[in-house]
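Here's the letter readout for the chains.
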Amino acid sequence: MKKFFRNTSGKVAESILFLSSTSTSLIIILIVIFLFKEGISLFNEKPVEEGNILVVNKSNPVNELKSSTVKDIFDQNITNWESVTHKKDSIILVRIDDVFNYYTEEEIGSNFENLSTCISDLVAKTPGIIAFIPEKFFNKQSQGKIIKVRKVSIRDFFSGKEWMPTAHPAAQLGILPLLLGTLLVSLGAIIIALPFGLASAIYLAEITDESKRRVIKPLIELLAGIPSVVYGFFGLVVIVPFIQNLFNLSVGETALSGSIVLAIMALPTIITISEDALRTTPRSLKEASLSLGASKWQTIYRVVIPYAKSGITAGIILGIGRAIGETMAVLMVTGNAAVIPHTFLEPVRTIPATIAAELGEAPQGGLHFKALFALGCILFIITLLINLSVQMSANRKTLKK
Amino acid sequence: MKSSEKYNKNKKRNQILVFSLFRVLNIAVIAILILILFFIFIRGYKTLSWEFITAMPEEGMTKGGIYPAIIGTLCLIGGSIIFAFPLGIFSGIYINEYTKNNWFKRFVSMMTNNLAGIPSIVFGLFGMALFVNTLGFGDSIIAGSLTLGILTLPVIIKTTEEALKSIDDSFRLGSYALGATKLQTIRKVILPIAFPNIITGLILSVGRVSGETAPILFTVAAYFLPKLPSGIFDQVMALPYHLYVISTSGTNITESRPVAYGTALVLIIMILIINLLANGLRMFFKNKVKMN
């Protein structure tokens, strides 16, 4: 009886433990499902605000417009239909408020009861018109034609140069500026962090003695433990004004400020992983080098670093991964202008910062909301690829041994 | 002979040069840390008072204290601990004690590493989609705690795994030889030995939970809520989010700066205490083992 009880309790415990061990895999699957469900549905959406339509005169040959063309038309960058279709005619923009310029209040009616007739009339008599109106004011029997706005395509999403998810009449969902901003800030961070990180790792692993190391290591751990929002705050009150004064800029919130803050934050990752890699160098290799008359530095440079190369690379790549995904600090110091950056001294906006800044204002289930989830998917994929590549190379190395 | 002397001299000089450069760069890293800590301490300590940590925020958060934010952060720490500690520890035990070095173990540890690498804002999105919307928890302590719990899960699993891995197999074999079952061995022999290392890792993971902002942005954090939560479905303020809000988008940024410095200082003190505690325990247990 006792034996039976012991056996079953062992079995029960084992299954509980087994279920727990699958939790991380399950969570990743759940993340994929929930993120991609929202994110992918973006590519089935029309970038026009729901309930609104674009109407042109029936004689107009245009049937479908790209979202960026719609924006150009309404920004008056395109003023003639010639560049859209072959028909020459200047474009007349009409938003719902503009209807009141064409008709008197009496004609429209005090409760807008004749508004739809007025719009039909206006569309019928103006060949060059393009009207952005609520769907309910559109009379189906009229001389107007609804033009379709092309659905958000993956290509436009990645190559679009403008990120204006709430623009009227057509939202612009090009993530190129965000992608470039993210890469710029992260690469800048790594370039700044690399000399400090590698030097510290080599110093800790090979040069200094154990007693100093025991003091420095917890400090590095502490550097990793400081919350990102504190780094962001520090950047905001110290680094941003410093950059502003140094380069005489009108705003100090620039890609450079972001890179500096991120560099500080990526340091612990780079130092810890590189140091661990350097420490795996077999003693025999080092001693062989020293016994051949090489100095300590020559040994480090010619033996230890080449041996630990893959581990150091892993540290650097993971540091980049950390920098790409960092949200709060970047959000606080980079100025968040969603334009394609040209220099380090311009405000930029990164992908995570965009999600954090805009999700609160995006109506749930709407186009903007889905676009932000699509950004989350991209972030997820980038970091997953980074992690997988590091692990693959690490696995290959252990297998070789 | 002369040239080789020169070579040796150069060799030595190079080494001294490079090593001092490395030392300087390492000192610079430490200096940055100290600069950050010192700066926030100098600016923040004037704000810090008993009242500051026990009073409600007032006048658009330019005056008063941060009591609800502290309580909120403690709630979130507690909630995520309840969820993530058992799950993470169990998972770590299973991976190290029950699986052999096969595809399952490799797969699970790969997934754990991947989860650790996912940016915190993605966890925020996920928490919002799953806990807040799909499960209908709304912006609440439970949604935020679960999101934060998931975030720390890989850290806890890794810590447990490492702690168990470092235990010599002779302990296990000895226990089996005395007729103990696997479960008994784990409970009575392995876990007590691994306890110090596990607890240090757990404490450090608490530090991570208390400082994370991005995951709680859309799952729990309230902008201004001068009352304490009454249940797990309430919204709360949280320290890191509070710092973010009053330093960037508050109604009056310049006037709320002292409060921001104070909040940053409280956060840093929390992290310092957590780190000291972890390191202290590590030392304490190390000495204890030596004495035995």
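Residues numbered from 1 in each chain as written. Chains lettered and ligands numbered in written order. Predicted model: local features only at pLDDT ≥ 70, side-chain atom pairs only at ≥ 80, totals over all residues. Heavy atoms only, no water.

### Section: the domain arrangement of chain B
Residue and element names in this part refer to chain B.
Right, so step 1: Under the domain assignment used here, chain B contains domain 1 (1-44) and domain 2 (50-288).
Right, so step 2: One C-alpha centre belongs to domain 1, the other to domain 2, and the line joining them spans 36 Å.
Right, so step 3: Between domain 1 and domain 2, the residue contacts involve six residues of the former and five residues of the latter.
Right, so step 4: Summed over both sides, the interface between domain 1 and domain 2 buries roughly 580 Å², with carbon and sulfur atoms accounting for 84% of that surface.
Right, so step 5: Linking domain 1 with domain 2 are one residue pair in polar contact (both at pLDDT 80 or more). (Domains from an automatic or database assignment. Contact = heavy atoms within 4.5 Å. Buried area = accessible area lost by both parts, 1.4 Å probe. Polar contact = N/O pair within 3.5 Å; in protein donor to acceptor, adjacent residues only side chain to side chain.)

### Considerations on the nonpolar core
Right, so step 1: Counting 177 residues, the largest nonpolar core has Ile31, Leu35, Trp163 and Tyr231 of chain A together with Ile121 and Tyr244 of chain B as the members making the most contacts within it.
Right, so step 2: When residues no more than four places from it in sequence are discounted, the contact partners of Leu35 of chain A are Phe373, Gly376, Cys377 and Phe380 of chain A together with Val122, Leu125 and Phe126 of chain B.
Right, so step 3: Counting residues in each nonpolar core, the second largest holds 17 residues, with Val48, Leu93, Phe132 and Ile147 of chain A among its members. (Core = buried A, V, L, I, M, F, W, Y, C linked by side-chain atoms within 4.5 Å. Buried < 20%, exposed > 50% of the residue type's maximum accessible area, 1.4 Å probe, protein only.)

### Some remarks on the sheet that holds strand 4 (residues 129-134) of chain A
Residue and element names in this part refer to chain A.
Right, so step 1: Spatially, the five strands line up as an open sheet ordered 2-5-1-4-3, and their pairing is mixed. Of all strands in the sheet, those with a lone pairing partner are strand 2 (64-65) and strand 3 (92-95), marking the two edges.
Right, so step 2: Relative to strand 5 (residues 144-149), strand 1 (residues 52-57) runs antiparallel, the two sharing four bridges. Paired with Val56 across the two strands is Lys145, which belongs to strand 5.
Right, so step 3: Each of strand 1, strand 3, strand 4 and strand 5 is contacted by helix 6 (residues 115-125), which is oriented at about 40° to strand 1, the strand it contacts most. (Pairing = 2+ DSSP bridges. Helix = DSSP H or I, 4+ residues; strand = E, 2+ residues; numbered from the N terminus. Axes fitted to C-alpha atoms, helices over the stretch in contact; angles between N-to-C directions.)

### Things to note about the confidence of the model for chain B
Residue and element names in this part refer to chain B.
Right, so step 1: Per-chain confidence: chain B averages 88 in pLDDT, with 96% of residues scoring 70 or above.
Right, so step 2: Summarising per-element confidence for chain B, the mean pLDDT is lowest in strand 2 (residues 63-64) (76) and highest in helix 5 (residues 120-134) (93).
Right, so step 3: Predicted complex metrics record ipTM = 0.91 and pTM = 0.89. (pLDDT = per-residue confidence, 0-100.)

### Description of a nonpolar patch on the surface
Right, so step 1: Taken together, the side chains of Ile34, Phe38, Phe41, Ile42 and Tyr45 of chain B present a nonpolar region at the surface, about 510 Å² in accessible area.
Right, so step 2: With respect to the helices and strands, Phe38 of chain B occurs in helix 1 (residues 2-44). (Patch = residues over 30% accessible without salt bridge, like charges linked within 9 Å, V, L, I, M, F, W, Y side chains within 5 Å. Areas by Shrake-Rupley, 256 points an atom, 1.4 Å probe, with all protein chains shown as cover. Salt bridge = Lys/Arg side-chain N within 4 Å of Asp/Glu carboxyl O.)

### Focus: unusual backbone geometry
All names here are of chain A.
Right, so step 1: With a phi close to 55°, Asn248 is a non-glycine residue in the positive phi region.
Right, so step 2: Within the secondary structure, Asn248 sits in the loop between helix 10 (228-247) and helix 11 (255-279).
Right, so step 3: Given the relative accessible area of 71%, Asn248 is considered exposed.
Right, so step 4: Residue Asn336 is not a glycine yet carries a positive backbone phi of 55°.

### Here's the deal with the layout of surface pockets
Residues and elements named next belong to chain A.
Right, so step 1: Within this model, the second largest pocket holds a volume of roughly 570 Å³.
Right, so step 2: Taken together, 27 residues make up the lining of the second largest pocket; nearest its centre are Lys46, Pro47, Val48, Glu49 and Glu50.
Right, so step 3: For the lining of the second largest pocket, the secondary-structure elements that each account for two or more residues are strand 1, strand 5 and helix 17 (367-400).
Right, so step 4: Of the residues forming the lining of the second largest pocket, the biggest block, four residues, is contributed by strand 5.
Right, so step 5: Two domains each provide a minimum of three residues to the lining of the second largest pocket, namely domain 2 (52-150) and domain 3 (176-400). (1 Å grid on protein atoms, 1.4 Å probe; cavity = no way out; pocket = protein on both sides within 12 Å on 5 of 7 lines; lining within 4 Å. Points joined across faces, edges and corners; volume = space filled by probe spheres on them.)

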